[in-house]
Amino acid sequence: MHTCVGENQIALVTQTPWPNKIENSPMAVDYFADLIVPCEANFIDKNDNEVWLTCVGLTKEFVLQYWNFAKDALVYFDVCYLGWDTTGGGEPAMAFRQALQSKGAGCIIAWRGSSSGTWCYPAAKVFFDRLLGMNLHQPNTPNQRPFPPDQVYAKIKKLKLDKGDQATRYMTLTPTPPTGGMLVPTIKSLQVSERTYEGDDGKPLDQSTITVKGDFGNASGRTIKVTVNDQEMENLQINKDANGDISDLKCDLPMDSGHAGFAGKVVVSIDDHKSNAVNLTLYRWTFKQEFEQTKDQVSFVQTVDWDVYIRADVHPYRDEAGGEMQQPDAFDFKAAPGSEVTYTFTATGPNGLSCTNPSGTLPYGIRIESNVTKGYVFEGKINIKEGKITLNNFFGYPIWLAKAPTAMGLFLDPAYVSWPGVSDDKEYYLTSDYNIESGDLVGSLKVTKTNLHFDQCVPTHKPGASISLAGEDMNAPY
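Residues numbered from 1 in each chain as written. Predicted model: local features only at pLDDT ≥ 70, side-chain atom pairs only at ≥ 80, totals over all residues. Heavy atoms only, no water.

Caption draft 1: Just the overall build of the protein, in detail. A count of helices and strands for the protein gives five helices and 33 strands. In the protein, buried positions account for 50% of the 478 residues. Taking the contacts inside the protein whose residues are at least 6 apart along the sequence as the reference set, 65% of them involve residues at least 24 apart. Within the structure as shown, the protein displays about 22,500 Å² of accessible surface, and the carbon and sulfur contribution to it stands at 48%. (Helix = DSSP H or I, 4+ residues; strand = E, 2+ residues; numbered from the N terminus. Buried < 20%, exposed > 50% of the residue type's maximum accessible area, 1.4 Å probe, protein only. Contact = heavy atoms within 4.5 Å. Areas by Shrake-Rupley, 256 points an atom, 1.4 Å probe, with all protein chains shown as cover.)

The following block contains the structure:
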């Protein structure tokens, strides 16, 4: 397309020839209403010859009369002069862009000065490539997710693709910042919040959720869903900012570890436009605690087996289009539903010593029922940057003795069984491929006959073969 510039006016040139007698044309009404004007435009014919024609040009009044865009639409023009500003007599171009905005455009990309395929095409292909996250033109390594138009425009400027062959010819963006222009949603990160308690029957008493953060555009009139491993999540909550733009999306996570959507690729769909896919990684980590102690003529022997699920977003991401990959900040986690702790306990000693709870499976969450402490907690912090998991010294299980010299409750520490608060938090290490290393921890000076063995944990749904190769583009379909 072209533009033609007249006195206090700019018009978009079409390929429709101007009629010989406008008075007898169906376009006469639009002409006399100043909706269309005749414009001279040059074209290249099939023989590569330049041909000048008088064609129909569309004024801003035509836009106001006939055009309508979807709310917050992206409007992109490779035409001359439409990106003019107040310098150089650009008021008609600004008025034309204001007309586009009034009809729904949320982001307008245009050129100040004359346009040419020589500089417009390289800019356009990179612009839309970054906007869609296709990674076909000047790709980043690893591939990047889609980005909103203002961030893509900033990257275009850094690459100096916004410049024509003169200082007065360059790409412009209106308004600043734009109020729309997203073509596909984009996920930056995920945040998991696991349930706090489960009952004695093993059923959760509250709900695990996932919060999806990124750029999703305006929420008005949209059909929005979040899927995990191609399963739609329930109870979607759309959180908005003051402008009605989506700040984040929150929904329930499945509570059954056998559910197909318990973990896997997370995708946001808005009006059937799909985001990049970010993996919700799943760890299944097992421990075995063996403990023996003799005290006050009483011998304690106990074994505890931990089978723990951890759901987490461990993928790196970019804060800006074309920026450096950033590992996520350290974040807290809790054991996911499906986690289980079982124990066996024996005690021998004088006075007919016996155990009230010699074995069992514990519910999640420490609480007191009938003056008895019950349940376990498994929580801590994952730090991908430092390659470690820190477990809090705040989880355990109750063992109560009958007819013992003193009734006592024992708690499992990451390294040994001890009184609560005696030992420090413990750290476990992640390898370069997101695996948790295996190992053994032995008892302290206070409790010497103790061993905690933890197996290597190889997670499912990793964000990449290794931390150095992981990316934010998980090849979601578009």
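Caption draft 2: Molecular detail of the sheet that holds strand E13 (residues 246-252). Taken in spatial order, the four strands make up an open sheet running E8-E9-E13-E12, and their pairing is antiparallel. The strands lining the two open edges of the sheet, one partner per strand, are strand E8 (186-193) and strand E12 (237-240). In this sheet, neighbouring strand axes are inclined to one another by 20° on average, regardless of whether the strands run parallel or antiparallel. Pairing analysis gives four bridges linking E12 to E13, with the strands arranged antiparallel. Within E13, the position partnered with Gln237 by the bridge is Lys250. (Pairing = 2+ DSSP bridges. Axes fitted to C-alpha atoms, helices over the stretch in contact; angles between N-to-C directions.)

Caption draft 3: Seen up close, the packing of aromatic side chains. Under the criterion given, the structure shown has 21 aromatic pairs. Summarising the aromatic geometry, the rings of Phe127 and Phe128 are spaced 5.4 Å apart at their centres and angled 85° between planes, so their arrangement reads as edge-to-face. Ring pairs connect the aromatic residues Trp285, Phe287, Trp306, Phe333, Tyr364, Tyr376, Phe378, Tyr428 and Phe454, which therefore count as one cluster. Just above the ring of Tyr170 sits the side chain of Lys163; from NZ or CZ to the centre is 5.2 Å. Looking at Arg311, its charged tip hangs above the ring of Phe262, at a distance of 4.0 Å from the centre. (Phe/Tyr/Trp six-rings, centres within 6.5 Å; stacked < 30°, edge-to-face > 60°. Lys NZ or Arg CZ within 6 Å of the ring centre and 35° of its normal.)

Caption draft 4: Representation of the packing of helix H4 (residues 117-132) against helix H5 (residues 149-158). Interhelical geometry of H4 versus H5 gives an angle of 140° and a closest axis separation of 9 Å. In terms of orientation, H4 and H5 fall into the oblique class. Once H4 is placed against H5, the crossing between them reads as right-handed. Packed against H4, whose contacting residues are Ala123, Val126, Phe127, Arg130 and Leu131, the element H5 presents Pro149, Val152, Tyr153 and Ile156 at the interface. Its residues assigned to classes, the contact of H4 with H5 comprises eight nonpolar, no polar and one charged. (Parallel < 35°, antiparallel > 145°, perpendicular 65-115°, else oblique. Left-handed = near helix turned anticlockwise from the far one by under 90°. Nonpolar A, V, L, I, M, F, W, Y, C, P; charged D, E, K, R; others polar.)

Caption draft 5: Broad picture of the nonpolar core. Counting residues in each nonpolar core, the largest one holds 32 residues, and the members touching the most others are Trp285, Phe287, Phe378 and Ile382. Breaking this core down by element, the ones donating at least two residues are strand E16 (278-295), strand E17 (298-312), strand E20 (331-334), strand E21 (340-348), strand E27 (388-391) and strand E33 (449-454). Per element, the largest residue contribution to this core is five residues, and it comes from E17. Core analysis: the next-biggest nonpolar cluster, separate from the first, contains 25 residues, Ile187, Leu190, Ile246 and Leu280 among them. (Core = buried A, V, L, I, M, F, W, Y, C linked by side-chain atoms within 4.5 Å.)

Caption draft 6: Structural view of the environment of Glu379. Along the chain, Glu379 falls in strand E26 (residues 379-383). Relative accessible area serves as the criterion here: at 16%, Glu379 is assigned to the buried category. Measuring from C-alpha to C-alpha, the distance between Glu379 and Lys334 comes to 4.3 Å, with 45 residues separating the pair along the chain.

Caption draft 7: Representation of the sheet that holds strand E7 (residues 170-174) in the model. Sheet architecture is open: three strands sit in the order E5-E6-E7, paired in mixed fashion. The open sheet has two free edges, formed respectively by strand E5 (73-76) and E7, since each of these has just one partner strand. Recorded for the sheet is a direction-independent mean angle of 15° between the axes of neighbouring strands. With four bridges connecting them, E5 and strand E6 (residues 105-112) associate as parallel partners. When the bridges of E6 are listed, Leu74 appears paired with Cys107. Here H4 sits on the sheet in contact with E5, E6 and E7, set at roughly 165° to E5.

Caption draft 8: Molecular detail of H5. When we look at burial in H5, the residues that qualify are Pro149, Val152, Tyr153, Lys155 and Ile156. Down the axis of H5, the buried set is contained in an arc of 160°. They therefore lie on one face. Directly after H5, the chain includes Lys160, whose backbone phi takes a positive value near 60°. (Arc of directions from axis to C-beta.)

Caption draft 9: The arrangement of the environment of Pro204 in detail. Within the secondary structure layout, Pro204 lies in the loop between E8 and strand E9 (209-215). For Pro204 and Pro337, which are 133 residues apart along the polypeptide, the C-alpha to C-alpha distance reads 7.3 Å.

Caption draft 10: Looking closely at the side chain of Ser339. Along the polypeptide, Ser339 turns up in the loop between E20 and E21. Given a relative accessible area of 5%, Ser339 falls into the buried group. From its side chain, Ser339 meets the backbone nitrogen of Tyr309 in a polar contact 2.9 Å long. Residues within four places of Ser339 in sequence aside, it is in contact with Glu198, Asp307, Val308, Tyr309 and Tyr376. (Polar contact = N/O pair within 3.5 Å; in protein donor to acceptor, adjacent residues only side chain to side chain.)

Caption draft 11: Region of interest: the pattern of salt bridges. Going through the model one piece at a time under the given rule, you end up with 17 salt bridges. Where Arg130 meets Asp129, a salt bridge forms, and the shortest distance between an N and an O atom there is 3.2 Å. Per residue, the accessibility class of Arg130 equals that of Asp129, and both read buried. Salt-bridge contacts for Lys288 lead to Asp305; the nearest nitrogen and oxygen are separated by 3.1 Å. Of the two residues, Lys288 is situated in strand E16 and Asp305 in strand E17; the sequence distance between them amounts to 17 residues. The network of salt bridges with common partners includes Glu386, Lys388 and Glu427. (Salt bridge = Lys/Arg side-chain N within 4 Å of Asp/Glu carboxyl O.)

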